[in-house]
Amino acid sequence: MHTLPNLGYEYNSLEPYIDEQTMRIHHTKHHQTYIDKLNAALEKHPELQKKSAEELIKDLNKIPEDIRTQVRNHGGGHVNHSFFWPLLKKEVKISGEISKAINKEFGSFDDFRKKFSEISNSVFGSGWCWLILNKNKLEIIKTSNQDNPISEGKIPILGIDLWEHGFYLLYKNKRVDYVEAFYNVINWNQVENNYKRAMK
Ligand code: MN
């Protein structure tokens with residue numbers, strides 16, 4: 001049985017950038033629903049119940065066809081949100097290896113930020129924008145719906161949830177403003193950990 005991970009901080013601790021109500025609904029309703037639907041799909045294939053959600057979505061072709069779409073969507077939703085929550089913390093300064101790697105790959109932090117915003121803002125409909133490691137190279141990519149880069153053999157380092165459920169209560173139609181505000185709540189210590197683990 002897959003279960004909802006703890007957030008690890010208070011629902012209001014990202015204010016004013018992400019509001020308490022959005023965080024509460026996003027975590028306890030949206031994330032929980034992905035988990036419930038993933039568990040329901042796996043009832044048809046008990047042999048898959050012991051696998052982690054990451055293992056399930058890593059190679060979707062191995063998933064039986066009758067539940068493949070559910071595993072892709074709800075397993076992906078579970079993996080994405082479990083990855084997302086620890087990435088959020090207010091006003092953490094970028095430092096360490098990830099800072100050097102970003103400067104090396106994108107020229108400067110501002111150039112990285114510009115490109116990450118551009119690609120985030122170009123997502124049509126629901127999806128995510130990611131900083132990923134592809135063969136030890138940092139890249140920025142987007143995915144649709146709840147697709148995760150690990151299904152393409154890439155390792156996510158940072159991601160922003162661009163579904164309306166993640167920002168609409170506070171930002172309404174102004175997704176651009178949400179993307180700008182996101183830079184105030186990136187937990188660069190967690191990004192650094194993700195980067196170091198991925199480089200191993
Ligand atoms: Mn979401």
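Anyway, here's the lowdown on the structure attached to this text.

Procedures and definitions
- Residues numbered from 1 in each chain as written.
- Predicted model: local features only at pLDDT ≥ 70, side-chain atom pairs only at ≥ 80, totals over all residues.
- Heavy atoms only, no water.
- Pairing = 2+ DSSP bridges.
- Helix = DSSP H or I, 4+ residues; strand = E, 2+ residues; numbered from the N terminus.
- Axes fitted to C-alpha atoms, helices over the stretch in contact; angles between N-to-C directions.
- Core = buried A, V, L, I, M, F, W, Y, C linked by side-chain atoms within 4.5 Å.
- Buried < 20%, exposed > 50% of the residue type's maximum accessible area, 1.4 Å probe, protein only.
- Contact = heavy atoms within 4.5 Å.
- Phe/Tyr/Trp six-rings, centres within 6.5 Å; stacked < 30°, edge-to-face > 60°.
- Lys NZ or Arg CZ within 6 Å of the ring centre and 35° of its normal.

What follows is about the sheet that holds strand β3 (residues 155-161). A sheet is described by the order of its strands in space; here three strands give the open sequence β2-β1-β3, paired in antiparallel fashion. Of all strands in the sheet, those bounded by a partner on one side alone are β2 (137-144) and β3. Each neighbouring strand pair of the sheet contributes to a mean axis angle of 25 degrees, computed without reference to strand direction. One ladder, built from eight bridges, connects strand β1 (residues 127-134) with β2; its direction is antiparallel.

A few words on the nonpolar core. The tendency in soluble globular proteins is for nonpolar side chains to be buried as a group. Counting 48 residues, the largest nonpolar core has Phe116, Leu131, Leu138 and Leu158 as the members making the most contacts within it. Setting aside its immediate chain neighbours within four residues, leucine 158 contacts Phe83, Leu87, Phe112, Phe116, Cys129, Trp130, Leu131, Phe182, Ile186, Trp188 and Val191. Residues Ala41, Leu56, Ile63 and Val79 belong to the second largest nonpolar core, which totals 13 residues.

Turning our attention to the packing of aromatic side chains. Going through the model one piece at a time under the given rule, you end up with 16 aromatic pairs. Ring geometry for phenylalanine 112 versus tryptophan 188: centroids 6.3 Å apart, planes at 70 degrees, classification edge-to-face. Highlighted residues: phenylalanine 112 in helix α5 (residues 109-121) and tryptophan 188 in helix α8 (residues 188-199), separated in sequence by 76 residues. Neither residue differs from the other here; phenylalanine 112 and tryptophan 188 are each classed as buried. Ring geometry for phenylalanine 116 against tyrosine 183: centres 6.4 Å apart, planes inclined by 75 degrees, an arrangement best described as edge-to-face. On the criterion of sequence distance, the pair formed by phenylalanine 116 in helix α5 and tyrosine 183 in the loop between α7 (175-182) and α8 is long-range, its members being 67 residues apart. Here phenylalanine 116 and tyrosine 183 have matching classes, each one buried. The structure contains a cluster of three or more aromatic residues connected by ring pairs, namely Phe83, Phe84, Trp85, Phe106, Phe109, Phe112, Phe116, Trp128, Trp130, Phe182, Tyr183 and Trp188. The ring of tyrosine 183 has arginine 113 lying over it, and the distance from NZ or CZ to the ring centre is 4.2 Å.

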